[in-house]
Structure formats: C-alpha cells, structure tokens
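Notes for the structure review
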Amino acid sequence: MQSNEQAKPLPYNDPAHWDKMVAAYEAQSQPFTTLFANAAVARLPIGASSKVIDVATGTGAAALAAARTGAAVTAIDFSAGMVARVRAHARPNIEARQMDGQALDLPDAAFDAAVSIFGVMLFPDWRAGLREMARVTRSGGSAAIAVWKSADGAAVHLLLAQIIRRLYPDHVTPMPCTGLAELADPTRLATAVIAAGFADPVVTEITHDFTLKVANPADIDKLFEFMPHWSGLDAGQSAAVARALRSEIEQRRTGDSFAIPSTALIATAQRT
Ligand SMILES: C[S@@+](CC[C@H](N)C(=O)[O-])C[C@H]1O[C@@H](n2cnc3c(N)ncnc32)[C@H](O)[C@@H]1O
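Sequence order as written defines the numbering, with residues in each chain counted from 1. Selection of residues for local features in this predicted model requires a pLDDT of at least 70, selection of side-chain atom pairs for listing and counting requires 80 or more, and totals for whole chains, interfaces and linings are taken over all residues. With hydrogens and water stripped out, all remaining heavy atoms of the structure feed into the side-chain values.

1. Quick word on the packing of helix H1 (residues 15-42) against helix H3 (residues 80-88)
In the contact formed by H1 and H3, the axes pass within 7 Å of each other and the chain directions differ by 40°. Our classification of the angle between H1 and H3 gives oblique. Across the interface between the two elements, Trp18, Asp19, Val22, Tyr25 and Glu26 from H1 touch Ala80, Gly81, Met82 and Arg85 from H3. Class assignment for the residues of the contact of H1 with H3 results in five nonpolar, one polar and three charged. Between the N-to-C directions of two axes lies an angle of 0 to 180 degrees, each axis being a line fitted to C-alpha atoms and, for a helix, fitted only over the stretch in contact. Secondary structure elements follow DSSP: runs of H or I of four or more residues count as helices, runs of E of two or more count as strands, with numbering from the N terminus. Throughout this description, any angle smaller than 35 degrees is read as roughly parallel, any larger than 145 degrees as roughly antiparallel, any in the 65 to 115 degree range as roughly perpendicular, and the remainder as oblique. Should any heavy atoms of two residues lie within 4.5 Å, those residues are counted as being in contact. Throughout, the ten residues Ala, Val, Leu, Ile, Met, Phe, Trp, Tyr, Cys and Pro are labelled nonpolar, Asp, Glu, Lys and Arg are labelled charged, and all others, Gly among them, are labelled polar.

Given below as structure tokens:
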C-alpha cells in the first residue's frame, strides 16, 4: 500500500461513490441494514393510509419495510444509482427520487412519518438533514433515525478500528463524518433530534451480527481495501494490522462465517 493512499478522505459525500457501490451494497450491506430498518419501521405508527419518507434510502431497506405496511413511501437518495435500484424494485407504493437530504425538494408537513437508517449521520450538515426530516413531517407525525453506537461505525469498519486501537492505542482515527461521532451517544442523539424539531425522543439500542463470509481468502484480502480509511498508519503498521485481522478471523470464525456484532441507536420521536 502506498502511504499517500492512506491520506485519502472517504468519499461518503460523493454521490458518484455510491453510484459505483449499488450492487455491492445490495449484496453485502442491505441484508444487514434491513435488520435495523425493520426494527425502526416497526416503531412507527404507520399503515395503509400513511405517507412516509425514507431519507438516504440506499437500495431501499427502510422504504421496502415501510411499503409492506401499505404506506405510500417516498424514497430519496442523492445517488442516481441508488434511486434507479429502488425504482427497479417496482413497488407501486414506493416513489424513488434523487435529491440531497440536506435540502429536500419537498413541501412542509407532507409526510406522516420520516425515517433515516444510517443516512443522515453521514451528511456533512447532519443537523440540516434532521431539520429537513422534521420540516417535511406533519405536526404530530413521527420519525425514526438509526445511527451507529460507535464513532467507528459498524461491521468491517468497526473491526478494523478495534484492531488498530489495540495495536496502536495512540493512533488517532480521523473521523470522516462528524455526525457519525456526534450522534453515537444516546443523550447527544436525543438532544439533536429535539433541536431539529421533534419531541419526546426514545432511544433504543439494537445489536446484530454483521456476518463476514471468509471461505475465500481473497474475500479477506478485500477487507484490506478498507485500510486507507485510517490515515497515519505507515506501511509496517498497515501490514501488522492486516496480520492481526487475519489471525482474529482465523481464531473466531465459525466455519465460513465471522460475526462482527454491531450496535445501533434508534431514536423515535414525535413532530412538535
Ligand atoms: C450507509 S448507506 C444507508 C442506506 C440505507 N438507508 C440502508 O440502511 O441500507 C448511506 C446512503 O446515504 C446516501 N447519502 C449520502 N449522503 C446523502 C445526501 N446528502 N443526501 C441524500 N442521500 C445521501 C448514500 O447515497 C447512501 O445510499
């Protein structure tokens, strides 16, 4: 690995990055995020007469869950590729639209409920993302917002961060998204939800395993592609982290699977 690669920022805020991720996201991440999306949607009082918005829908985990209640769902994402994938689900009660969650091109109070699963926390202006969710939700309507409980995120990101911290406790992990760190705490999440225009937040913790398939050593090597996410490691440190990761997987794998427990915070609240 080149040391200059290690300083690259994560492209979370570039729709072109997500456009390229659609197939991989749907195969590897959506089955995992769906577990949390289903839990979040189940906490919303919605049904066939409801209008629901899913902000940063990705491949549509929460939109699909909300649509199963019979609600009319508007699924928005800034990635044209993600929007095209949600349209291809061809659910009659899901309308997918490309737009920035920080400035929704939608009228005030248009929805009975708003949901965002691991979306708003990535926005550069996550406060604007939360405010926009509140603006488009009618008074008395509801919201469900899912974020990771760790500033390191979840799944492979979390595992790698844990290994780096164990090996190099003084290494400062640069946070690519301030919302990820700010909202990774129940009290701060509740405070942010209130500041955005919601009331009576209830924050629930939910943990699920991210299951990494490790049958093929090439799959494990793919993890090393995440290495640039931690800038400041030199080549020797990167190699040591890769060795520790491989050894941990070998020790803790169950057959072809390696479980990475990841905890989310789900805030539900009412629009004032
Ligand atoms: C981690 S994925 C979550 C997708 C989905 N909600 C799920 O739980 O599987 C983050 C999504 O946020 C979208 N996104 C990031 N920044 C955005 C923005 N400013 N406006 C709208 N969507 C955004 C990305 O395109 C991506 O689809």
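2. Describing the packing of helix H5 (residues 155-167) against helix H9 (residues 235-252)
It is at 10 Å that the axes of H5 and H9 come closest, and there the two elements cross at 120°. The hand of the H5/H9 crossing is right-handed. From H5, Leu159, Leu160, Ile163, Ile164, Arg166 and Leu167 reach across to H9, where they touch Ala240, Val241, Ala244, Leu245 and Glu248. Classifying every residue of the contact of H5 with H9 gives nine nonpolar, no polar and two charged. The crossing is said to be left-handed when, going from far helix to near helix, the turn is anticlockwise and less than a right angle, and right-handed when the turn is clockwise.

3. Digging into the sheet that holds strand S4 (residues 111-117)
At least two bridges found by DSSP between two strands is the condition for calling them paired. The strand order across the open sheet formed by seven strands is S3-S2-S1-S4-S5-S7-S6, and the pairing between neighbours is mixed. A single partner strand is all that each edge strand has here, and the edge strands are strand S3 (94-98) and strand S6 (198-213). If you compare each strand with its neighbour and ignore which way they point, the axes differ by 20° on average. The sheet contact formed by strand S1 (residues 51-55) and strand S2 (residues 72-77) spans five bridges and is parallel. What sits directly across from Val55, in S2, is Ile76. With respect to the sheet, H1 is in contact with S4, strand S5 (137-148), S6 and strand S7 (257-271), its orientation differing from that of S6 by roughly 150°. Sitting on the sheet, H3 touches S2 and S3, and the angle it makes with S3 is about 165°.

4. A short note on the packing of aromatic side chains
Here a Phe, Tyr or Trp ring, Trp counted by its six-membered ring, pairs with any other such ring whose centre lies within 6.5 Å, and the pair is stacked when the planes are under 30 degrees apart, edge-to-face when over 60, and tilted otherwise. Per the counting criterion, the structure on display carries eight aromatic pairs. Here the aromatic rings of Phe32 and Trp148 are separated by 5.7 Å at their centres, their planes lie at 15°, and the arrangement is stacked. With a gap of 116 residues between them, Phe32 in helix H1 and Trp148 in strand S5 connect regions that are remote in the sequence. In terms of burial, Phe32 and Trp148 fall into one category: buried. Relative to Phe210, the ring of Phe32 lies with its centre 5.1 Å away and its plane at 80°, an arrangement referred to as edge-to-face. Highlighted residues: Phe32 in helix H1 and Phe210 in strand S6, separated in sequence by 178 residues. In terms of burial, Phe32 and Phe210 fall into one category: buried. One aromatic cluster in this structure is built from Phe32, Phe36, Phe118, Trp148 and Phe210. When accessible area is computed with a 1.4 Å probe and restricted to protein chains, residues below 20% of their type maximum are described as buried, those above 50% as exposed, and intermediate ones as partly exposed.

5. Points about the environment of Leu265
Positionally, Leu265 belongs in strand S7. Leu265 sits in the buried class, given a relative accessible area of 0%. Put simply, Leu265 and Leu189 are 76 residues apart on the chain and 8.4 Å apart in space, counted from C-alpha to C-alpha.

6. Some details on unusual backbone geometry
With phi around 65°, Ala56 is a residue other than glycine that occupies positive phi space. Notably, Phe118 is not glycine yet its phi reads approximately 50°, a positive angle. By secondary structure assignment, the location of Phe118 is in the loop between S4 and helix H4 (126-135). Residue classification places Phe118 among the buried positions, given a relative accessible area of 9%.

7. What about the pairing of S2?
Taken across its six residues, S2 has five buried, putting it largely inside the fold. With its strands directed away from the observer, a crossover is right-handed exactly when the path from the first strand over the helix to the second travels clockwise. Note that the unit made of S1, helix H2 (residues 61-67) and S2 has a crossover that is right-handed. The sheet contact formed by S2 and S3 spans five bridges and is parallel. Bridged to Asp77 within S3 is Gln98. In this fold, the crossover linking S2 to S3 by way of H3 has right-handed handedness.

8. As for the site of the ligand
Being near a molecule or strand, for a residue, comes down to having at least one heavy atom within 4 Å of it. Near the ligand you find 18 residues, and of these Tyr25, Thr33, Ala56, Asp77 and Ile117 are the closest. A distance of 2.7 Å separates an oxygen atom of the ligand from a polar side-chain atom of Tyr25. Whenever a nitrogen or oxygen atom comes within 3.5 Å of another N or O atom, the pair is scored as a polar contact, on the condition that within protein one atom can donate a hydrogen and the other can accept it, and that pairs from neighbouring residues in sequence are kept only if both atoms are in side chains. One nitrogen or oxygen atom from the main chain of Ile117 is found 2.8 Å from a nitrogen atom belonging to the ligand. A total of 610 Å² of accessible area belongs to the ligand in isolation, and the protein chains cover 97% of it. Looking at the shell around the ligand, the element that brings in the most residues is H1, giving three residues. Per-class residue counts for the shell around the ligand are ten nonpolar, six polar and two charged. Each accessible area is a Shrake-Rupley result for a 1.4 Å probe, and residues are judged covered by the shown protein chains and nothing else.

These figures capture arrangement, not role.
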